[in-house]
Amino acid sequence: MSKQPHDADGVGRMQFLLDLRRRGIADLAVLRALDEVPREHFVDARFVDAAYADQALPIACGQTISQPYMVAYMTEQLRVRPEHRVLEIGTGSGYQAAVLSRLAREVVSVERYRTLADTARLRLTTLGYHNVDVIVGDGFAGVPDRAPFDRIIVTAAAEAIPDALVAQLAEGGILLLPLGPHGGTQLLVRLTKTAGTLEREDLIAVRFVPLLRGQAREL
Ligand code: SAH
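Notes on the structure in this doc start here. Not measured: the values here are computed from a predicted model.

**Regarding the side chain of Arg 85**
Right, so step 1: Counting through the fold element by element, Arg 85 comes out in strand S3 (residues 85-89).
Right, so step 2: Side-chain polar atoms of Arg 85 contact the backbone oxygen of Arg 146, separated by 2.9 Å.
Right, so step 3: Non-local contacts of Arg 85, meaning those with residues more than four positions away in its chain, are made with Arg 105, Glu 106, Arg 146, Pro 148, Phe 149, Asp 150 and Arg 151.

Okay, structure coming up:
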């Protein structure tokens, strides 16, 4: 059953949501957002049968689309509200951006590979996610001309907290990022900006592709 494409099989789709709930995702708005976004449109055609399995999958440029549980968990921990403007670093397939777009007022997503950004932008437009802007650039710099952001989510692992992202966080804002060595185990960290100080909470151990400096030279 779970091999069936999502929208062709109500049972596979229900299983997908039940698995997320069983693993502790409790926020109904987050579950609804994951239910609404068709993951099979964000994975490579070769992997459509695995679109609703709980696994990360390869996308172009040697990158990966995160496993659905991680997308759900990070989205829940980001505590997004409908009035929020959200910055995502690491567009990849655009799946996380699509999920966020169901919960927030506006999503700005930055990707260092032009190929990935162009593909994700077209996909998001075609699927009708009109409150997402995909930008090609270096996420280390954030997007200063669109700041401040209520929420910032980084979907690649940083070895240190990027200063520009902290600077672009609104008062009371949350920055969620995997922090730790490239290729090793990283910690998912939530930083909350209050009265100019940052409160840090360490959440769970994770493994993400590295956050790399600069726009990619290759396409
Ligand atoms: N959120 C994505 C998964 C992203 S994988 C999804 O839902 O599919 C991490 C992505 O971060 C990769 O596409 C990688 O190219 C990108 N990335 C790495 N370093 C970056 C940087 N400095 N700026 C922008 N994007 C970066």
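**Some remarks on the sheet that holds S3**
Right, so step 1: Sheet architecture is open: seven strands sit in the order S5-S4-S3-S6-S7-S8-S9, paired in mixed fashion. Edge positions in the open sheet fall to strand S5 (132-136) and strand S9 (197-206), since each of these has one partner strand only. Pairs of neighbouring strands in the sheet enclose a mean axial angle of 15°, with direction left out of account.
Right, so step 2: Here four bridges tie S3 to strand S6 (residues 149-154), and the two strands are oriented parallel to one another. Residue pairing in the sheet places Val 86 in a bridge with Arg 151 of S6.
Right, so step 3: Sheet contacts for helix H5 (residues 114-126): strand S4 (106-111) and S5; angle to S5, the most-contacted strand, approximately 165°.

**Remarks on the pairing of S6**
The side chains of a regular strand alternate between the sheet's two faces.
Right, so step 1: Buried residues dominate S6, accounting for five of its six residues.
Right, so step 2: With four bridges joining them, S6 and strand S7 (residues 169-179) adopt parallel strand pairing. If you follow Arg 151 over to S7, its bridge partner there is Ile 174.

Calculation rules
Residues numbered from 1 in each chain as written. Predicted model: local features only at pLDDT ≥ 70, side-chain atom pairs only at ≥ 80, totals over all residues. Heavy atoms only, no water. Helix = DSSP H or I, 4+ residues; strand = E, 2+ residues; numbered from the N terminus. Polar contact = N/O pair within 3.5 Å; in protein donor to acceptor, adjacent residues only side chain to side chain. Contact = heavy atoms within 4.5 Å. Pairing = 2+ DSSP bridges. Axes fitted to C-alpha atoms, helices over the stretch in contact; angles between N-to-C directions. Buried < 20%, exposed > 50% of the residue type's maximum accessible area, 1.4 Å probe, protein only.

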